[in-house]
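Here's the letter readout for the chains.
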Amino acid sequence: MATPTGARWKAPLLALPVVALVLVGAVWVGQQSFVYHPARVPVPPAAERLPGAQDVALRTSDGLDLGAWWLPPAEGCRAAVLLAHGNGGNRSDRAALAGALNEHGFGVLMFDYRGYGGNAGRPTEAGLALDVRAARAYLLDEMGIDEQDLVYLGESLGTAVVSELAVEHPPAALVLRSPLTSLDEVGHALYRVPVGWLLRDRYLVRENVGRLAVPTAVVYGTGDAIVPAAQSRDVARTAREAGVDVLEVEVPGAGPNDEVLAEGPALIDALMAVAVRGGVRGCR
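Anyway, here's the lowdown on the structure attached to this text.

Rules used throughout
- Residues numbered from 1 in each chain as written.
- Predicted model: local features only at pLDDT ≥ 70, side-chain atom pairs only at ≥ 80, totals over all residues.
- Heavy atoms only, no water.
- Helix = DSSP H or I, 4+ residues; strand = E, 2+ residues; numbered from the N terminus.
- Buried < 20%, exposed > 50% of the residue type's maximum accessible area, 1.4 Å probe, protein only.
- Contact = heavy atoms within 4.5 Å.
- Patch = residues over 30% accessible without salt bridge, like charges linked within 9 Å, V, L, I, M, F, W, Y side chains within 5 Å.
- Areas by Shrake-Rupley, 256 points an atom, 1.4 Å probe, with all protein chains shown as cover.
- Salt bridge = Lys/Arg side-chain N within 4 Å of Asp/Glu carboxyl O.
- Polar contact = N/O pair within 3.5 Å; in protein donor to acceptor, adjacent residues only side chain to side chain.
- Pairing = 2+ DSSP bridges.
- Axes fitted to C-alpha atoms, helices over the stretch in contact; angles between N-to-C directions.
- Core = buried A, V, L, I, M, F, W, Y, C linked by side-chain atoms within 4.5 Å.
- Left-handed = near helix turned anticlockwise from the far one by under 90°.
- Nonpolar A, V, L, I, M, F, W, Y, C, P; charged D, E, K, R; others polar.
- Disulfide = S-S within 2.5 Å.

### Looking at the overall build of the protein
Consideration 1: Looking only at helices and strands, the protein features 10 helices and 10 strands.
Consideration 2: The burial tally for the protein puts 51% of its 284 residues in the buried class.
Consideration 3: Intrachain contacts of the protein at a sequence separation of at least 6 include 70% that bridge at least 24 residues.

### Section: a nonpolar patch on the surface
Consideration 1: A cluster of nonpolar side chains, contributed by Phe34, Leu190, Tyr191 and Ile226, occupies part of the molecular surface with about 410 Å² of accessible area.
Consideration 2: Structurally, the position occupied by Ile226 is in the loop between strand S9 (216–221) and helix H8 (229–241).

### Regarding the side chain of Arg94
Consideration 1: Structurally, Arg94 is set in the loop between strand S5 (88–89) and helix H3 (95–103).
Consideration 2: At 3.0 Å, the side chain of Arg94 and the side chain of Glu155 are in polar contact.
Consideration 3: With residues up to four places along the chain from it excluded, the contact list for Arg94 reads Leu83, His85, Gly86, Gly88, Gly89, Met110 and Glu155.

### Digging into the environment of Asn257
Consideration 1: Topologically, Asn257 is positioned in the loop between strand S10 (246–251) and helix H9 (259–262).
Consideration 2: Put simply, Asn257 and Gly221 are 36 residues apart on the chain and 9.8 Å apart in space, counted from C-alpha to C-alpha.

### Thoughts on the pattern of salt bridges
Should their charged atoms come close, side chains of opposite charge can pair.
Consideration 1: Scanning the model with the defined rule gives 17 salt bridges in all.
Consideration 2: Close ionic contact of Asp93 with Arg94 constitutes a salt bridge, the shortest N to O distance being 3.6 Å.
Consideration 3: For Asp93, a relative accessible area of 47% puts it in the partly exposed group.
Consideration 4: A salt bridge links Arg177 to Glu155, with the shortest nitrogen-to-oxygen separation between them at 4.0 Å.

### Structural notes on the sheet that holds S9
Consideration 1: A sheet is described by the order of its strands in space; here eight strands give the open sequence S2-S3-S6-S4-S7-S8-S9-S10, paired in mixed fashion. In this open sheet, the two edge strands, each paired with only one partner strand, are strand S2 (54–59) and S10. Taking the axes of each pair of neighbouring strands and ignoring which way they run, one obtains an average angle of 20° across the sheet.
Consideration 2: In this sheet, S9 lies alongside strand S8 (residues 173–177) in parallel orientation, the contact comprising four bridges. Of the residues in S9, the one forming a bridge with Arg177 is Val219.
Consideration 3: Each of S8, S9 and S10 touches H8; the most contacted strand, S10, lies at about 165° to it.

### Thoughts on the environment of Val186
Consideration 1: Along the chain, Val186 turns up in helix H6 (residues 183–191).
Consideration 2: Counting along the chain gives 41 residues from Val186 to Val227, while the straight-line C-alpha distance between them is 6.2 Å.
Consideration 3: The contacts of Val186, once residues within four sequence positions are left out, are Leu180, Ile226, Val227 and Gln231.

### Brief notes about H3
Consideration 1: For H3, every residue scored as buried is listed here: Ala95, Leu97, Ala98, Gly99, Ala100 and Leu101.
Consideration 2: Gly105 occupies a position one or two residues after H3 and carries a positive phi of about 100°.

### Some remarks on the nonpolar core
Consideration 1: Formed by 50 residues in total, the largest nonpolar core has its most connected members in Leu58, Leu82, Leu109, Phe111, Leu139, Tyr152 and Leu174.
Consideration 2: One finds Leu83, Phe106, Val108 and Val280 within the second-largest nonpolar core, a separate group that totals 38 residues.

### Structural notes on the packing of helix H4 (residues 125–142) against helix H5 (residues 157–168)
Consideration 1: The geometry of H4 relative to H5 is characterised by a closest axis approach of 10 Å and an angle of 65° between their N-to-C directions. In terms of crossing hand, the pair formed by H4 and H5 is right-handed. Contacts between H4 and H5 pair Leu128, Ala129, Val132, Arg133 and Arg136 from the former with Leu157, Val161, Glu164, Leu165 and Glu168 from the latter.
Consideration 2: A breakdown of the residues in the contact of H4 with H5 according to their chemical character gives six nonpolar, no polar and four charged.

### Digging into the state of the cysteines
Consideration 1: The full count for this structure, using the stated rule, is one disulfide.
Consideration 2: Covalently, Cys77 is tied to Cys283 through a disulfide, its sulfur atoms 1.8 Å apart. The sign of the S-S torsion, about 65°, decides the handedness of the disulfide formed by Cys77 and Cys283: right-handed. Here Cys77 is found in the loop between strand S3 (65–71) and strand S4 (80–84), whereas its partner Cys283 is found in the segment after helix H10 (265–277), with 206 residues between them in sequence.

### As for the pairing of strand S6 (residues 107–111)
Regular strands place their side chains on alternate faces of the sheet.
Consideration 1: Burial within S6 is extensive, with five of its five residues counted as buried.
Consideration 2: Covered by surrounding structure in S6 are Gly107, Leu109 and Phe111 together with Val108 and Met110, the residues of both alternating faces.
Consideration 3: Here four bridges tie S3 to S6, and the two strands are oriented antiparallel to one another. Counted as the bridge partner of Ala68 is Phe111 from S6.
Consideration 4: One ladder, built from four bridges, connects S4 with S6; its direction is parallel. Within S6, the position partnered with Val81 by the bridge is Val108.

Right under this line is the structure:
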């Protein structure tokens, strides 16, 4: 018996809402795995990867202990860099960057977020905000770093973490390496569909920098396939329009994990420049 024309269309049409709900549910439930990519390998002792560095622990206001490495400043330099890494790996991946900064005298605190580097907890935007505040408190309270000698450096997702911190606790200077405008705009750029309304975490970097008043470096590569260079330019433009003293540095062809961008002279020189603009002295 032939199937009526209406029946042939009815089943697929009824299935569309079900398929849509399944997709929405998958994004809602699985979004953490899309956003956060902690390395599953153990973090080695600090001195094993970075001569002179020490293993330290940070205590968050909600009771978590976070693993971190502290590399003290050189003699004559009182400044320190608070380094907030991106959404992948752990602090050991930033050893070369810390060493390069320390060659210019800066102390460096590298810490892992909750859920990263063997730390307990689950990463969320609210959780990472508590984590970076614990890192700042450690530098001020335990290491005796003056807030006027503190530089925040964020990488990719970490630019959201430090820019949000800078609104509440302004540093001497801020460095944003490969900054996104917001998490939903990164998702839209990657998947070509609007996903912002599904996201629990927002990471509003562009909104944050519009509220800042400290010297800020924006460093990015034109070959970044995750955070488009256009978004980093947008962040720089927004900060500049808000009256921020902005140093914008473009590294042609560089991707997010390329050494030339992640730990090269462009990033180091930019940090040095805005640190001096922010009043940091005694580092070379």
